[in-house]
Amino acid sequence: MRILLIGPPGAGKGTQAVRLAAYLSIQHISTGDLFREHIDRGTDLGQNAHTHIHAGLLVPDEVTIGVIKERLARPDTERGFLLDGFPRNLAQAQALDGILADSESRLDAVLDLEIPEVQVVRRIAGRRLCRQHREHIFHVDYSAPEVAGVCDFCGGELYQREDDREATVRKRLEVYRTETAPVVDHYQALVTTISAHGQVQEVLDRALDAIGQGQ
Ligand code: AP5
Ligand code: ZN
């Protein structure tokens, strides 16, 4: 299956994407994670991306589209993929349409996670991530680790993302409203809007129902 996961910052895209991709045995591809890997490795691309991420702005399209093109060309995506955080504006959506047309493939579903901004701010403020594994995601109130600051799964150190500061989050939300929300209309015929409210498992069940994989 080929699925897009769209939603504001902090909606729970990463949390759901890890579970959906594992359940469907497809690749989870997050442009945010790909950029953070570049930043950690200190590449030129990472340095460029960092300037934009730090300010809560989108990384320029030519960089982002290049990263996605390269990732989708890898053979492990043949079984399918779940894109988390891409496309984030209409130019990226059109680029993806072109990549898919070139490989004579098409999307199966677009899931749009919907959540009030007040909840998003709360989810982001409490988010803690594991330094060792990007898929180990915690929240200080909603899914707290047994020992504060330590990953339950691997013992890795938990940290707060630099772009999760309040001023940057407000900018990211504004960018979402103006640039990313129109992407949902672009894919109108394929979109299912899902409430991201409630427990992680409840949201996952809604997503699986939406793609015809519910129990
Ligand atoms: P990116 O990494 O994609 O961040 P984002 O879209 O802002 O989304 P987040 O990772 O903040 O949130 P999420 O929805 O994944 O939520 P999560 O599951 O962690 O992008 C970062 C930056 O990179 C961008 O600002 C931009 O600069 C750049 N970038 C990335 N892609 C780009 C692109 N295509 N073009 C240009 N630039 C790009 O959950 C949040 C918290 O809530 C966690 O603590 C979690 O435990 C908790 N939680 C999740 N679900 C629930 C639940 N149901 N109940 C209670 N708590 C929950
Ligand atoms: Zn961990």
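These figures come from a predicted structure and were not determined experimentally.

A. Local environment of the side chain of Asp163. The residue Asp163 is located in the loop between strand 7 (158-159) and helix 7 (166-186) in this model. Assessed through its relative accessible area of 7%, Asp163 is described here as buried. The contact partners of Asp163, leaving out residues within four places of it in the chain, are Ile53, Thr168, Val169 and Arg172.

B. The coordination of the zinc ion (ligand 2), seen in detail. Taken together, Cys130 (SG), His136 (ND1), Cys151 (SG) and Cys154 (SG) make up the protein donors of the zinc ion (ligand 2), found 2.2 to 2.4 Å from the metal. Given 4 donor atoms and angles of 96 to 121° at the metal, the environment of the zinc ion (ligand 2) is assigned as tetrahedral. For the zinc ion (ligand 2), the donor residues sit on a single chain with the sequence spacing C-x5-H-x14-C-x2-C. On the basis of relative accessible area, Cys130 is assigned to the buried category, the value being 4%. Relative accessible area serves as the criterion here: at 12%, His136 is assigned to the buried category.

C. Structural detail: the site of ligand 1. Not every one of the 34 residues close to ligand 1 is listed here, only the nearest: Thr15, Leu57, Arg88, Arg127 and Arg172. A distance of 3.2 Å separates an oxygen atom of ligand 1 from a polar backbone atom of Ala11. Between ligand 1 and Thr15, the relevant distance is 2.6 Å, taken from an oxygen atom to a side-chain nitrogen or oxygen of the residue. The set of elements that each furnish at least two residues to the shell around ligand 1 consists of helix 1 (13-24), helix 2 (31-41) and strand 6 (137-139). If you tally residues by element for the shell around ligand 1, the top one is helix 2, at 4 residues. Each residue belonging to the shell around ligand 1 can be placed in one class, and the counts come to 13 nonpolar, 13 polar and 8 charged.

D. Here's a closer look at the UniProt feature "binding site: AMP" (unreviewed entry) in the protein. Taken from the UniProt record, the annotation "binding site: AMP" (unreviewed entry) applies to Thr31, Arg36, Leu57, Leu58, Val59, Gly85, Phe86, Pro87, Arg88, Gln92, Arg161 and Arg172. A maximum C-alpha distance of 24.6 Å among these annotated residues, which run over 142 residues, shows that they spread across the structure rather than meeting at one spot. By the element assignment, Phe86 lies in the loop between strand 3 (81-84) and helix 5 (90-102). Judged by its relative accessible area of 1%, Phe86 is buried. Those residues within four positions of Phe86 in sequence are excluded, and the remaining contacts are Leu4, Thr31, Thr64, Ile65, Ile68, Gln92 and Leu96. Here Arg172 is to be found in helix 7.

E. Looking closely at the nonpolar core. Of all hydrophobic cores here, the largest spans 27 residues; its most connected members are Leu72, Leu83, Leu96 and Tyr187. Ranked by size, the runner-up nonpolar core spans 24 residues in total, among them Ile3, Ala109, Ile194 and Ala196.

F. A look at the sheet that holds strand 1 (residues 2-6). The strand order across the open sheet built from 5 strands is 2-3-1-4-8, with neighbouring strands paired in parallel fashion. Two strands lie at the open edges of the sheet, namely strand 2 (27-30) and strand 8 (191-195), each paired on one side alone. Along the sheet, successive strands turn relative to each other by an average axial angle of 20°, direction set aside. Where helix 1 meets the sheet, it contacts strand 1, strand 2, strand 3 and strand 4 (109-114), and its direction lies at approximately 175° from that of strand 3.

The rules behind each value
Residues numbered from 1 in each chain as written. Chains lettered and ligands numbered in written order. Predicted model: local features only at pLDDT ≥ 70, side-chain atom pairs only at ≥ 80, totals over all residues. Heavy atoms only, no water. Helix = DSSP H or I, 4+ residues; strand = E, 2+ residues; numbered from the N terminus. Buried < 20%, exposed > 50% of the residue type's maximum accessible area, 1.4 Å probe, protein only. Contact = heavy atoms within 4.5 Å. Donors = N, O, S within 2.8 Å, 3.2 Å for Na, K, Ca; no water. Tetrahedral: all angles 85-135°; square planar, octahedral: opposite > 155°, others 65-115°. Near = heavy atom within 4 Å. Polar contact = N/O pair within 3.5 Å; in protein donor to acceptor, adjacent residues only side chain to side chain. Nonpolar A, V, L, I, M, F, W, Y, C, P; charged D, E, K, R; others polar. UniProt positions renumbered as here; feature names shortened; annotations may be inferred. Core = buried A, V, L, I, M, F, W, Y, C linked by side-chain atoms within 4.5 Å. Pairing = 2+ DSSP bridges. Axes fitted to C-alpha atoms, helices over the stretch in contact; angles between N-to-C directions.

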